[in-house]
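Coordinates in review
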Amino acid sequence: MIAKNFYKDVITAIIGIVTVLFLCRFTLGGMSVVVAVAGLVSAILRRPTAMTCCFILFPLIAIFNRAIIGISGITLIIGKFAFWGMAASALLSSKTRKCSGEHLPIGCLGLYLLVACLSSLDGWMPLISYLKLANFAVMLLGIYLLSTIMQGSVSSLRALRAVFMAMSIILIVGSLLSYFAPAVGFSMMIYKLEGYGVIMTGDELLASGDRVLFNGMTCHSQMLSPVVAILGTWVLCDMLLIERKLTLLHGVVLACIPPLLYMSRSRGGLLMLACTTIITFIITIPRARLPQKIKRSLGVTMLVAIVALIGSGVYFQIKNEAISRWLRKTDDVATDTRTLEEAFTNSRQGAIEMNLHDFRLNPLFGKGFQVVDGMKQAYAAHMITWFSASVEKGVTPYVILGETGVLGAFVFLIFLSKFYATCFRRGYMSLMTNFSCFLVANLADSTFFSPSALGGFMWIVVCIGSFSTDCLAKKLHCMRMECDFCGDVYPR
């Protein structure tokens, strides 16, 4: 049974997060400055728990629904530089903070960034590439240091657990509820229409009969499915490794995920759900540090959930071809002559061709980190700036080939091999499961090398949220072993 103090901590975290989000709206983004200052002060005072909680908020604010937090540019600008402050703050705290010897296995990613530096020398626009490389490297350093300094205290890990559970409830359960508040759940379409001079309420938008995109508690419909899937994976791992049984709270949150993924109409979300389910059933549960009785119980629970999910899919496919419409992204399935492969890849084919074009120009090194052909002309025409040159890159495997060539792809495979080998050797089952979910998300939209917005949020969930779950699970396992040895009752 979940301890009462965990419920209390989660409720407190929800109240705190919601308060910050609403204050961002009513202070025109000024609240984000207060949060940043609070994080820096916490670092100076050697309070890593408060510091980490403050900086976790920035990726959340960057992806959150604009109908709730407003569209202030101040919030987004502060968010762009928050990770730099996070890294500096983490450096201050890491000098005096002891850890238990657990470390994120992302060191080899630094070698890939060195290759990207070489590739960018002769890239489309080296200045922007090096600025993006610096931004991404600083984010990785900050996350690595924060994950290191947090693991020394069980109370800190429990506080992080409550914060991530609160974020999961807000974004997952809140997104499902927002469907019944169209002004929030479909706000992306409403704001998009306003840009064209069309003013419509949420109810009018739904009544129009047009195909509208649901964004839930996120600011964009393309963010909803990866956010829901990665947080759902974290909730699942928390239930399996910390609670070690199905609980009402975890069950309610997990039950919201399949309908949300369907409402998002994202094939990537479906792929993430399938990947997480398979990995959890085949790898996570069997290799977790759990008694055989608990493993069997959890395995049966997962099997029942899988059968129920497949049964529901078959039922709705027979009833109204829901799965076909989901996979093909069209309501007119009868006249759709595309193959299933073409339906899956059609929306990303242009980006894939762009990446392959860069790869053919320089097969060994590629054409530079996070830049595309035409960026110099766009910069000269003042269409982009050196600090806000966003780029749509498509699918991550092709992005790696286009940006860093064969050499970069080889080094990235070394990183993946080292990462998974360490996860299996050290028992980082939550980290391994969540990271796999993150990689699958990058088969739809490349956010792996993005330090802000969706990419930054997913890195935070994977490297701080899931890694803290593994660290807490290890500590609780040791405490249980000690209590069993001395005959005491372990206090949950």
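Residues numbered from 1 in each chain as written. Predicted model: local features only at pLDDT ≥ 70, side-chain atom pairs only at ≥ 80, totals over all residues. Heavy atoms only, no water.

**Digging into the confidence of the model for the protein**
Residues shown with low pLDDT carry predicted positions that ought not to be read at fine detail. To keep things clear, this is the line we draw: Per-residue confidence from the predictor is reported as pLDDT, which spans 0 to 100. Residues count as neighbours in contact if any of their non-hydrogen atoms are within 4.5 Å of one another.
With 82% of its residues at a pLDDT of at least 70, the protein reaches an overall mean of 82. Segment residues 485-492: pLDDT under 50, and 13 contacts once partners within four positions in sequence are set aside and those in other chains are kept.

**Some details on the packing of helix H21 (residues 396-426) against helix H22 (residues 429-441)**
Inclusion rule: The axes used here are C-alpha line fits, helices contributing only the stretch in contact, and every angle between their N-to-C directions lies in the interval 0 to 180 degrees. We count a stretch as a helix when DSSP gives it H or I for four or more residues in a row; a strand needs E for two or more, and each element gets its number in order from the N terminus. The scheme is simple: roughly parallel for angles under 35 degrees, roughly antiparallel for over 145, roughly perpendicular for 65 to 115, oblique for anything else. Handedness of a crossing follows from how the near helix is turned relative to the far one, being left-handed for an anticlockwise turn of less than a right angle and right-handed for a clockwise one. When residue character is reported, Ala, Val, Leu, Ile, Met, Phe, Trp, Tyr, Cys and Pro are called nonpolar, Asp, Glu, Lys and Arg charged, and the others, Gly included, polar.
Relative orientation of the contacting elements H21 and H22 amounts to 150 degrees, with a least axis distance of 8 Å. The angle between H21 and H22 falls in the class roughly antiparallel. For the crossing formed where H21 meets H22, the hand is left-handed. Across the interface between the two elements, Phe415, Leu416, Phe419, Tyr420, Cys423 and Phe424 from H21 touch Met429, Leu431, Met432, Phe435, Ser436 and Leu439 from H22. Here the contact of H21 with H22 is built from residues that sort into 11 nonpolar, one polar and no charged.

**Things to note about unusual backbone geometry**
For Arg244, which is not glycine, the phi torsion reads 65 degrees and is therefore positive. Tracing the backbone through its elements, the reader meets Arg244 in the loop between helix H12 (221-243) and helix H13 (248-255). Even without being a glycine, Gln370 presents a positive backbone phi close to 55 degrees. On the secondary structure map, Gln370 appears in the loop between helix H19 (349-361) and helix H20 (375-380).

**A short note on a nonpolar patch on the surface**
Rules: Candidate patch residues must exceed 30% relative accessible area and have no salt bridge, after which like charges are joined if within 9 Å and Val, Leu, Ile, Met, Phe, Trp or Tyr side chains if within 5 Å. Residue-level accessible areas treat just the shown protein chains as cover; the underlying method is Shrake-Rupley with a 1.4 Å probe. Definition used for salt bridges: Asp or Glu carboxyl oxygen within 4 Å of a side-chain nitrogen of Lys or Arg.
Together, Val33, Val37, Val41, Ile44 and Leu45 make up a nonpolar patch on the protein surface, roughly 410 Å² of accessible area in all. Within the element layout of this structure, Leu45 appears in the loop between helix H2 (30-44) and helix H3 (48-63).

**Things to note about H2**
Put simply, the rule is: A helix is expected to span 1.5 Å multiplied by its residue count minus one. Buried means the residue's accessible area, taken with a 1.4 Å probe over protein chains only, is under 20% of the maximum for its type, while exposed means over 50%, and partly exposed covers the values in between. To be clear, the arc concerns the directions from the helix axis to the C-beta atoms.
An ideal rise of 1.5 Å per residue puts 21 Å on 15 residues; H2 measures up with 22 Å between its terminal C-alpha atoms. Three or more residues of H2 are buried, namely Met31, Ser32, Val35, Ala36, Gly39, Ser42 and Ala43. Taken around the axis of H2, the buried residues stretch over an arc of 145 degrees, which confines them to a single face. Once H2 ends, the next one or two residues include Arg46, with phi positive near 60 degrees.

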